[in-house]
Structure formats: C-alpha cells, structure tokens
Amino acid sequence: MGSEPDGTSVTTLDRRMMAAAIRLSKRNTGRTASNPSVATLIVRDEGNGAAIVGRGVTALGGRPHAETVALDEAGEAARGATAYVTLEPCAHHGRTPPCARALVEAGVSRVVVAATDPDPRVSGRGYAILREAGITVETGVLAEDAAHAMADYLTQRVHHRPHVTLKLAVSADGAIGRRTGGQVAVTGALVRAQVHLLRARSHAVLVGIGTVLADDPELTCRIEGLKDRSPIRVVLDRRLRTPPSSKLVRDAGRVPLWLASTRPAEDPARRVLAAAGVRFPAVVGSNDAIALPELLEDFAAAGIQAVMVEGGAETARSFLAEDLVDRIALYTGAKNIGGDTVTSPVTMEAVPEGFVQTRFMRYGGDEYREYERIR
Ligand code: AOF
Ligand code: ZN
C-alpha cells in the first residue's frame, strides 16, 4: 500500500471502497468455474460525498467479468470516476475484449486494485494498459484480504493444485470422535450450518474410507436454499470398501461421488459401484498408496479449485505430512466426549508448524479458529 510512482496515494475512502468490493466479490465464490470471483465498484467523488454508480461481480460460470458488469451499470457516469477492482483487470481477449481496455474506453480516471493476477496472460499487463492510457493506478490496496477471498483461484494458478482446507471439529478433550459407535456430535447446530456453508463454497469434499465406514456420512450441503450447492464428494478408498448400501452411494445419482481407488477398471466391486453412478478419478498409486499430490493435480485439471478435507485423523495427517494443507478450519466444542476416542491431529494447543491463526469466532458455545499456511 502507499504512494505510486505517479504521485497519488491511497486514502481511507479507497480502503473502505475496496473492503466493500471484497465483500461483494464473495457473493459468487465457488460459482465462477475456473475464474476467480472478482468485484468492481465504480465510484464518483464530487467533494460532497462519494457515490457508487456501478457494481459488478464476475458472473456465474465466469463471464462476463466484473468490470464489464459494473461499467454497464455506470454508463456515462464512469467518465472521470474511480474503479475499485479486487483483481488486476485482465489484458487478454476472451469472449469480450480485455477489461483493462474497457476501463480505458469508459474514461475512468483512476483504478485502484487489490491483488495482482498471476495469470501469465495478465500479470502486469493489465496495469500497463491502464497506465499507458494515462490512468492513475494504485495497486496492493487490501491485497491480503483480497488474496484470502480468492485463495482458491490463486492456489490453483500458482501451485497447479486446488486450495485445501482441512476442517476439524474437536471436543474439549481433544478428540474428533470415538473409535466405535458411529458419529458423535462434537459441536452444535450453528457450527453444523457453517460447515455446510463451507461445503457449498468448495468444489469437492474429501474423506478417508475410515470415516465412511465409521460414520456413514452424506457430505452434502443441507442448508435450506443452498441444497443444490453440494460439492463433489471424494473418498480415498484404495481397496473399494465403500458399501453400495452407504448413504454416499445411494445418493450418487444426485450428488457426484468419486472413489479414488487403485483397483483396476475390471474389478467386480468397481462395476457394481459404477452402475450406481459412482465415478473413479485416475489415481497414481505406489505400494498401494494413493499419491495425493498427483490426485490434487488431476483435480485442478478437472476445474476443482477448492477442496475441503473432512476427515478422519489418518487422512488429515497424510495431507499435513505432505504439506498439502493451505488452511485449517478448527471448530472446538465445549463438551468432553470421553470413552475410546480418536485424538485430533490438530488442536488449538498443537497447531502444525508453519501455520498462523488468522480468525476467531464464537458459534454459540463452540469456537472457531482459522489458520493459514505461511508460504
Ligand atoms: C477480470 N475480471 O471479473 C475476472 C478475471 O476464461 P476467461 O477469458 O474468462 O479469463 C479467465 C481469466 O480472467 C482468469 O484466469 C483471470 O486471469 C481473469 N479473471 N479478470 O478482469 C474478472 N474473473
Ligand atoms: Zn476481464
């Protein structure tokens, strides 16, 4: 943040408008295909208070881009105005001309940007188009907040794999469940809704076969109004032990279910499951273990940018051990669950090295802490 070479600087109004733009951008997170959900505000400040004359978010499916939508709404009012964009305006020709060009054509006089686009077709070129046209450009305004909001897109662009959130719900006695006896409620109804919302914003949720056998989970989003937003459900199931009678398989015709297995295509169990609508991603396995980095690379190639790992302990440990976790979503319940418990690989007292806490919230009697990987 701060002064740009052309001598102008970033104001409090700039930061407030960018914060508003970042909030707006979250509206379509997870729903813009391989595109990030970007937002644009067109603002006129005539000395007697600023007015937003155009708003845009990247449309569902990824096009049109945010700038075009906002400029359309602003019309002639865009001339001489400031545009706040959460990502560097694009410089490439897609279904429409570059957004940087559209901003020039519309006659805006200043563009304030949060994050720089790592897309090689854009990176730096968007700014160059604007500056060459004599527009004042401010970059890096609330860049970290914007990067947090676009973490899925940025991880996929930079690391060629999806952004991975490890979600854990831990009891006061440090457990994620009991060894026997099915699902135990570690946290309350408010957390359950939050977790379903996380699912809706992810492209895939992933669990190990142990969780399927122990809990018979559904892994869908069951929030009223968002029931059509369930992500692809993925099970790490090398030996194909997912029962055809499980809730996951019974629902496979409605919500996609992928079983990551090293079993060959002609395996009879695979035939039965395939007939129920189950799909099998290509899996690289060595010594009968699934190679997680390759699996994630394949997910990214299939357009999956955000994966939530939902359990259990062994699956969580493998993702952590392979350094494949970007964010930890840790919910802590107030109750002890007791008995023969499964110890959580992460607790607030034992956070893996390389993560810093970025958030804290209370949901009723439960608590939420979020940790981000520092790279
Ligand atoms: C913008 N504004 O709202 C978004 C941008 O496949 P295309 O042609 O839509 O281009 C995708 C790229 O556009 C994507 O990789 C990223 O660089 C940029 N996304 N750019 O100016 C937007 N969503
Ligand atoms: Zn664009």
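All residue numbers here refer to positions counted from 1 along the written sequence of the relevant chain. Naming scheme: in the order in which they are written, chains are lettered from A and ligands are numbered from 1. Local features in this predicted model are restricted to residues of pLDDT 70 or higher, and side-chain atom pairs are both shown and tallied only at a pLDDT of 80 or more, whereas totals for entire chains, interfaces and linings draw on every residue. Just so you know, side-chain values use all the structure's heavy atoms and leave hydrogens and water out.

- Under an unreviewed UniProt entry, the name given to the chain is Riboflavin biosynthesis protein RibD, and the organism recorded is Pararhizobium mangrovi.
- For the chain, the Function (unreviewed entry) comment in UniProt is given as "Converts 2,5-diamino-6-(ribosylamino)-4(3h)-pyrimidinone 5'-phosphate into 5-amino-6-(ribosylamino)-2,4(1h,3h)-pyrimidinedione 5'-phosphate." UniProt positions are given in the numbering used here, feature names are shortened, and annotations may be inferred rather than shown by experiment.

Thoughts on the site of ligand 1
Item 1. By convention in these notes, a residue is near a molecule or strand provided one of its non-hydrogen atoms lies within 4 Å of it. Lining the immediate surroundings of ligand 1 are 19 residues, of which Thr 58, Arg 63, Glu 67, Asp 117 and Asp 119 lie closest.
Item 2. Within 3.5 Å is the distance limit for a polar contact, defined as a pair of N or O atoms, with the added protein rule that one can donate a hydrogen and the other accept it, and that residues adjacent in sequence qualify only through two side-chain atoms. Asp 119 places a polar side-chain atom, nitrogen or oxygen, 2.7 Å from an oxygen atom of ligand 1.
Item 3. Burial of ligand 1 by the protein chains amounts to 89% of its free accessible area of 510 Å².
Item 4. Looking at the shell around ligand 1, the elements with two or more residues in it are helix 2 (66-74) and helix 6 (151-159).
Item 5. Polar here means any residue other than Ala, Val, Leu, Ile, Met, Phe, Trp, Tyr, Cys and Pro, which are nonpolar, and Asp, Glu, Lys and Arg, which are charged; Gly is therefore polar. Taken together, the residues of the shell around ligand 1 break down into 8 nonpolar, 5 polar and 6 charged. The Shrake-Rupley method, run with a 1.4 Å probe sphere, supplies the accessible areas, and residue values consider only the shown protein chains as cover. Numbering goes from the N terminus for both helices and strands, where a helix is a DSSP run of H or I of at least four residues and a strand is a run of E of at least two.

Considerations on the coordination of the zinc ion (ligand 2)
Item 1. Here a donor is an N, O or S atom found within 2.8 Å of the metal, or within 3.2 Å if the metal is Na, K or Ca; sites may look incomplete because water is not among the atoms. Summarising the metal site, the zinc ion (ligand 2) is bound by the protein donors His 65 (ND1), Cys 90 (SG) and Cys 99 (SG), whose distances to it range over 2.0 to 2.2 Å.
Item 2. Each label reflects the angles at the metal, where four donors whose angles all fall between 85 and 135 degrees are tetrahedral, four or six donors whose opposite pairs open beyond 155 degrees and whose other angles stay between 65 and 115 are square planar or octahedral respectively, and the rest are irregular. Considering all 4 donor atoms around the zinc ion (ligand 2), angles at the metal cover 98 to 118° and the coordination shape is tetrahedral.
Item 3. Counting gaps between the donor residues of the zinc ion (ligand 2) yields the pattern H-x24-C-x8-C. One end of the pair, His 65, is in the loop between strand 2 (50-57) and helix 2; the other, Cys 90, is in the loop between strand 3 (82-87) and helix 3 (99-106), and 25 residues separate them in sequence.

A short note on unusual backbone geometry
Item 1. Following Arg 63, the chain continues into Pro 64 via a peptide bond in cis, with omega recorded as -5°.
Item 2. As for its position among the elements, Pro 64 is in the loop between strand 2 and helix 2.
Item 3. Of note, the bond from Gly 311 into Gly 312 is cis; its omega dihedral lies within 30 degrees of zero at -5°.
Item 4. Looking at the secondary structure, you find Gly 312 in the loop between strand 13 (306-309) and helix 12 (313-321).
Item 5. The backbone of His 160 shows a phi angle near 55°, a positive value even though the residue is not glycine.
Item 6. Along the chain, His 160 falls in the loop between helix 6 and strand 6 (163-170).

Thoughts on the sheet that holds strand 3
Consider a sheet: its strands pair through backbone hydrogen bonds, and that pairing is either parallel or antiparallel.
Item 1. What makes two strands pair is DSSP finding at least two bridges between them. Strand order in the open sheet formed by 5 strands is 2-1-3-4-5, and the pairing between neighbours is mixed. Either end of the sheet is taken by a strand with one partner, and the two such strands are strand 2 and strand 5 (136-138). Across the sheet, the mean angle from the axis of one strand to that of its neighbour is 20°, orientation sign disregarded.
Item 2. Here 5 bridges tie strand 3 to strand 4 (residues 110-115), and the two strands are oriented parallel to one another. For Val 85, the partnering residue across the bridge sits in strand 4 and is Val 113.
Item 3. When checking whether two residues touch, look at their non-hydrogen atoms; a contact exists if any pair is within 4.5 Å. All axes here are fitted lines through C-alpha atoms, helices being fitted over the stretch that makes contact, and every angle between N-to-C directions spans 0 to 180 degrees. With respect to the sheet, helix 1 (residues 12-25) is in contact with strand 1 (39-45), strand 2, strand 3 and strand 4, its orientation differing from that of strand 1 by roughly 150°.

Looking at the packing of helix 2 against helix 3
Item 1. Where helix 2 meets helix 3, the axes come as close as 9 Å, and the angle between the chain directions of the two elements is 20°. When the axes of helix 2 and helix 3 are compared, the pair comes out roughly parallel. Helix 2 and helix 3 meet at a crossing whose hand is left-handed. Taken together, the residues of helix 3 that come into contact with helix 2 (itself represented by Glu 67, Thr 68 and Leu 71) are Cys 99, Ala 102, Leu 103 and Ala 106.
Item 2. In terms of residue class, the contact of helix 2 with helix 3 is made up of 5 nonpolar, 1 polar and 1 charged. These descriptions rest on fixed angle ranges, namely under 35 degrees for roughly parallel, over 145 for roughly antiparallel, 65 to 115 for roughly perpendicular, and the rest for oblique. Left-handed describes a crossing whose near helix is turned anticlockwise from the far helix by less than a right angle; the clockwise case is right-handed.

As for helix 12
Item 1. Buried means the residue's accessible area, taken with a 1.4 Å probe over protein chains only, is under 20% of the maximum for its type, while exposed means over 50%, and partly exposed covers the values in between. Burial in helix 12 covers these residues: Ala 313, Thr 315, Ala 316, Phe 319 and Leu 320. Looking straight down helix 12, one finds its buried side chains confined to an arc of 165°; they lie on one side. Exposed positions of helix 12 whose direction lies more than 90 degrees from the buried face are Glu 314 and Ala 321.
Item 2. Just past helix 12, the residue Asp 323 takes up positive phi, approximately 60°. The directions considered for the arc run from the helix axis to the C-beta atoms.

What about the confidence of the model for the chain?
Item 1. pLDDT: the predictor's confidence for each residue, scored from 0 to 100. Per-residue confidence for the chain averages 93 on the pLDDT scale, and 97% of its residues sit at or above 70.
Item 2. Within the model, the stretch residues 1-7 combines pLDDT values under 50 with 16 contacts to residues more than four positions away or in other chains.
Item 3. For this predicted complex, the interface score ipTM comes out at 0.93, while the overall pTM is 0.86.

Points about the UniProt feature "binding site: substrate" (unreviewed entry) in the chain
Item 1. Following the UniProt record, one finds the feature "binding site: substrate" (unreviewed entry) at Leu 219, Arg 222 and Glu 310.
Item 2. Inspection of the secondary structure puts Leu 219 in the loop between helix 8 (209-215) and strand 9 (232-236).
Item 3. Under the relative-accessibility criterion, Leu 219 is labelled buried at 3%.
Item 4. Aside from chain neighbours lying at most four places away, what touches Leu 219 is Arg 199, Val 205, Val 207, Pro 231, Arg 233, Leu 248 and Glu 310.
Item 5. If you trace the backbone, Glu 310 turns up in the loop between strand 13 and helix 12.
Item 6. Note on Glu 310: relative accessible area 12%, which makes it buried.
Item 7. Apart from residues lying up to four places away in sequence, Glu 310 is in contact with Lys 167, Val 195, Arg 199, Val 205, Leu 206, Val 207 and Leu 219.

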